[in-house]
Structures are given as structure tokens and as C-alpha cells.
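Coordinates in review
Listed below are the residues making up each chain.
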Amino acid sequence: MTVNDQDLQTIANLCLLAALADGHLSPGERSHIQDMIRQLGGDDARPGAASPETDVRVLAQRLSGPEASRLAFEMAVAVCHADGVVTRGEEEFIRSLWPALGLDRHAAERIEREVGTLALVRFEGATQTGSGRADSSRRPESPAEIDQRILRYAMLAGAAELLPQALATVAVLPIQMRLVNSLAESHGFSELDAEH
């Protein structure tokens, strides 16, 4: 999904505010925002680069319409879930954001549930792949165990595809990349490069 430049920058700024709602911006949150913006068609959108605006109501008015507002809410909630824990500050930010964007409570709650599910999917994938380094002390997996892992990841990716388009876009590629890295690790490759 692609969005116009103004919507893209506004969404990036809202995501930055979401990340800062708990008092700090972690490298993981910054990376998560940049990845989402790239997946939406941006090329190196830097959150907050174009506007220092911190009032969500002002930012909400810059969005082109309901679809952009919904996307902005989805992305901001995803940032709040990026580290697996939604803090009180992030909860308060989410509660202030959906009315500013013109969303009704039911739509906002549905999006929050979907994003929470997506976060669980991501963390399930992360726990399955481990650290990304080959562990020589682990016993090699059997072909049947590897097949089961592939099936589990396929089901996670399939479930993510059922999410709204923007969330599916953000979810599926990381799940697939975790599977590829996991399979590489199973075959003794601790790191993958372009040649692999």
C-alpha cells in the first residue's frame, strides 16, 4: 500500500509520538517506524524530520481522509506494541489518538485487538528463531521437525494475511524472514548475506 507524501510524513510523526509516549524512543522502535514507512512506499522517511508538531489533533487534520486516519492509527498502535509491552503512557496516547483521528470506539478497539494479535505472532516467530546464531550445543533438528516449523510459520503468515491490508503488509514479510533465518540456522548458517 502506498500513501501520499504528506500522509506518509504525518503518519511517521504520529508513530514517533506513539513511541515517545512512554518517555523514550528505543532503537527498536525507531527501526520499526522506519520499516513501516518503507513498506508504505516511503524511501527513508525520518520520523519528525518535516514537522516538530506534537499535537495529535493538528497532525490528524493533515491526513487526507478516513483511510489515511485508520492507517495512521494502525501504525501508531503497532509502534506501541513493538516491544511487546504497552505501557500506561502508550495506553493514554492510544486513547487520545483515536478520537482525534475521527475513529469510533468500536473500530479503535478492533484495531487494537488485531495489532495485539499481530504482536503475539511476531513474538511467537521471534521465540521460534532464537538469536540468529547457530548453537552447536543444540541437537540437529529432524526433517520432520523442520517441516513442522515451516508449517507453523506458514500458518502464522496465513493468519497475518487475514488482517487488514496495511497490517498484513507489515506482518507477513518479517514472519517470512524469520522462517528463512530459522532454516538457515538449522543448516549451520549463523548469518545470511546477499549471496545466500
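Keep in mind it's a predicted model, so treat the numbers as computed, not measured.

1. Notes on the nonpolar core
Among the nonpolar cores identified, the biggest contains 36 residues, and I11, L14, F73, L97 and L101 are the most heavily contacted of them. Of all the secondary-structure elements, those providing two or more residues to this core are helix 1 (5–20), helix 2 (27–39), helix 3 (56–62), helix 4 (66–80), helix 5 (88–100) and helix 6 (105–129). Leave out the neighbours within four places in its chain, and L101 touches L14, A60, L63, S69, A72 and F73.

2. Considering helix 1
A rise of 1.5 Å per residue sets the reference length of helix 1, with its 16 residues, at 22 Å; its end C-alpha atoms lie 23 Å apart and thus fit the reference within 8%. Where burial is concerned, most of helix 1 is hidden: 13 out of the 16 residues are buried. Near the N-terminus of helix 1, the side chain that reaches the backbone nitrogen of Q6, with its oxygen 3.1 Å away, is that of N4.

3. Section: the packing of helix 1 against helix 4
Between helix 1 and helix 4, the shortest axis-to-axis distance is 8 Å and the interhelical angle comes to 30°. Put simply, helix 1 runs roughly parallel to helix 4. Note that helix 1 runs across helix 4; the crossing there is right-handed. Two secondary-structure elements touch here, helix 1 through D7, I11, L14, C15, A18 and A19 and helix 4 through A68, L71, A72, M75, A76, V79 and C80.

4. Here's the deal with helix 5
Residues separated by three or four positions in an α-helix point in the same direction, a consequence of the helix having 3.6 residues per turn. With 13 residues, helix 5 extends 19 Å between its outermost C-alpha atoms, agreeing within 8% with the 18 Å of an ideal straight helix rising 1.5 Å per residue. Inspection of helix 5 places E90, F93, I94, L97 and W98 among the buried residues, and these make up the whole buried set. All buried residues of helix 5 lie within an arc of 125° about the axis, which places them on one face of the element. Within two residues after helix 5, G102 carries a phi angle of roughly 80°, on the positive side.

5. Remarks on the side chain of T10
As for its position among the elements, T10 is in helix 1. Once you skip the residues sitting within four places of it in the chain, T10 turns out to touch L59, R62 and L63.

6. Some remarks on the environment of T87
Considering the arrangement of structural elements, one finds T87 in the loop between helix 4 and helix 5. Assessed through its relative accessible area of 27%, T87 is described here as partly exposed. Along the sequence, T87 and D22 sit 65 residues apart, while their C-alpha atoms lie 6.4 Å from each other.

7. A word on the environment of V86
Tracing the backbone shows V86 in the loop between helix 4 and helix 5. Under the relative-accessibility criterion, V86 is labelled partly exposed at 25%. Separated by 30 residues in the primary sequence, V86 and G116 place their C-alpha atoms 9.6 Å from one another. Ignoring anything within four residues of it in the chain, the contact list for V86 reads C80, H81 and E91.

8. Some points on the pattern of salt bridges
Evaluated as defined, the whole model comprises three salt bridges. The closest approach of N and O atoms between E74 and R70, which form a salt bridge, is 3.1 Å. Here the residue E74 and the residue R70 both occupy positions in helix 4, the gap between them amounting to four residues, near one helical turn. The salt bridge involving R105 is made with E109; its shortest N-O contact spans 3.6 Å. With R105 and E109 both in helix 6 and four residues apart, this pair spans about one turn of that helix.

How each quantity is defined
- Residues numbered from 1 in each chain as written.
- Predicted model: local features only at pLDDT ≥ 70, side-chain atom pairs only at ≥ 80, totals over all residues.
- Heavy atoms only, no water.
- Core = buried A, V, L, I, M, F, W, Y, C linked by side-chain atoms within 4.5 Å.
- Buried < 20%, exposed > 50% of the residue type's maximum accessible area, 1.4 Å probe, protein only.
- Helix = DSSP H or I, 4+ residues; strand = E, 2+ residues; numbered from the N terminus.
- Contact = heavy atoms within 4.5 Å.
- Expected span 1.5 Å × (residues − 1).
- Polar contact = N/O pair within 3.5 Å; in protein donor to acceptor, adjacent residues only side chain to side chain.
- Axes fitted to C-alpha atoms, helices over the stretch in contact; angles between N-to-C directions.
- Parallel < 35°, antiparallel > 145°, perpendicular 65-115°, else oblique.
- Left-handed = near helix turned anticlockwise from the far one by under 90°.
- Arc of directions from axis to C-beta.
- Salt bridge = Lys/Arg side-chain N within 4 Å of Asp/Glu carboxyl O.

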